[in-house]
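Listed below are the residues making up each chain.
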Amino acid sequence: MAGTGERGRVLVVDDDAAIRRSLERGLRLAGFTVELAEGGLSALRGIKHSPPDVIVLDISMPDIGGIEVCETLRGTGNEVPVLILSALDETADRITGLQAGADDYLVKPFALQELVLRLQALLRRRPPQDTGRLRIGPLIMDHAVREARLDGVLLPLTRREFELLDVLARNAGLVLTRDQLLDRVWGYDFDVRTGVVDTFISYLRRKLETGGRARLIHTVRGVGFVLRHDTDAAEGQGPR
């Protein structure tokens, strides 16, 4: 029933009072419990004391912007889903938001129904915590601590990079299309399709191939990407 908060707690962060009021009314009618913050600093304080289920975060605010808020959350290990709102619609702007740790990026102006559907998708796709380990050749994915090591060396991955590498590792030897990666890592049909996937693949490759290491993520032209090692030996859970 709308207005009961049964869909979860959403924190709306925006310095525009009219937008806050509009989103509060619309999201409550859609069945969410809504909390409000007028800036990045007040949002971080509120999240610390009363963690929401999902955050709607404006990118441009007078104290600290959405990108810095998102980076601060991810830097402290907070994995709450974040949807960024922005008037900036260039591909580079979207990628910047996602690289900072955001889960979704919605350009203003937008339809309330689309925002609701995206929030539902973010809440629905959160997977159960996996505490196993997966080894593919020199690569070890440790889900208990969300770390990846290559030849025993810790890889400095962002949350999104870890999730992308994890999907590839769990499906080692199988070619995944860009659409499949987009769905399994980002959880929705993102507007900037191939640009986002290819950009994050390039980020991973730079980190995986430092020091002249052999390539692990291969491009299958016209199809997608595959994580493959010549002596693949999956241990622990293995690809699934």
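Fair warning: this is a prediction, and the values are worked out from it, not measured in the lab.

1. Some details on the confidence of the model for the protein
Detailed reading of predicted coordinates is not advised where the pLDDT is low. Summing up the model confidence of the protein, the mean pLDDT is 83 and the portion of residues at 70 or higher is 87%. The least confident element of the protein is strand S13 (residues 235-236), whose mean pLDDT is 38; the most confident is strand S3 (residues 54-58), at 94.

2. Some thoughts on the nonpolar core
Grouped together as the largest cluster of nonpolar side chains are 32 residues, with contacts concentrated most on Leu139, Leu165, Leu168, Ile217 and Leu227. Those elements that provide at least two residues to this core are helix H4 (91-99), strand S6 (133-136), strand S7 (139-142), strand S8 (147-150), helix H6 (159-170), helix H7 (178-186), helix H8 (193-208) and strand S12 (224-227). Judged by nonpolar contacts, the second largest core, of 21 residues, contains Val13, Ala43, Leu57 and Val82.

3. Focus: the packing of helix H1 (residues 17-29) against helix H5 (residues 112-124)
At their nearest, the axes of H1 and H5 sit 11 Å apart, and the two run at 60° to each other. Relative to H5, the element H1 lies oblique. The interaxial crossing formed by H1 with H5 has right-handed handedness. Across from Leu23, Gly26 and Leu27 in H1, the residues of H5 making contact are Leu112, Leu115, Val116 and Leu119. Class assignment of the residues belonging to the contact of H1 with H5 gives a composition of six nonpolar, one polar and no charged.

4. Quick notes on the pairing of S7
Alternating residues of S7 divide into Leu139 and Met141 and Ile140 and Asp142, and every residue in both groups is buried. Bridging between S6 and S7 involves four bridges; their strand directions are antiparallel. Paired with isoleucine 136 across the strands is leucine 139, a residue of S7. In this sheet, S8 lies alongside S7 in antiparallel orientation, the contact comprising four bridges. The residue bridging aspartate 142 from the neighbouring strand is glutamate 147, located in S8.

5. Details of the pairing of strand S4 (residues 82-86)
Of all five residues that make up S4, five are buried, and the element is covered over most of its length. Burial of S4 is two-sided: the residues Val82, Ile84 and Ser86 facing one way and the residues Leu83 and Leu85 facing the other way are all buried. A crossover links S3 with its parallel partner S4, the connecting element being helix H3 (residues 66-75), and its sense is right-handed. Examined bridge by bridge, S4 and strand S5 (residues 104-107) share four bridges and lie parallel to one another. Bridging from a neighbouring strand, leucine 83 pairs with aspartate 104 of S5.

6. Some details on H3
Of the residues making up H3, those classed as buried are Gly66, Ile67, Val69, Cys70, Leu73 and Arg74. One side of H3 carries all its buried residues, which in axial view fall inside an arc of 165°. Glycine 77 lies just past H3 and shows a positive phi near 85°.

Criteria and thresholds
Residues numbered from 1 in each chain as written. Predicted model: local features only at pLDDT ≥ 70, side-chain atom pairs only at ≥ 80, totals over all residues. Heavy atoms only, no water. pLDDT = per-residue confidence, 0-100. Helix = DSSP H or I, 4+ residues; strand = E, 2+ residues; numbered from the N terminus. Core = buried A, V, L, I, M, F, W, Y, C linked by side-chain atoms within 4.5 Å. Buried < 20%, exposed > 50% of the residue type's maximum accessible area, 1.4 Å probe, protein only. Axes fitted to C-alpha atoms, helices over the stretch in contact; angles between N-to-C directions. Parallel < 35°, antiparallel > 145°, perpendicular 65-115°, else oblique. Left-handed = near helix turned anticlockwise from the far one by under 90°. Contact = heavy atoms within 4.5 Å. Nonpolar A, V, L, I, M, F, W, Y, C, P; charged D, E, K, R; others polar. Pairing = 2+ DSSP bridges. Right-handed = clockwise from strand over helix to strand, strands pointing away. Arc of directions from axis to C-beta.

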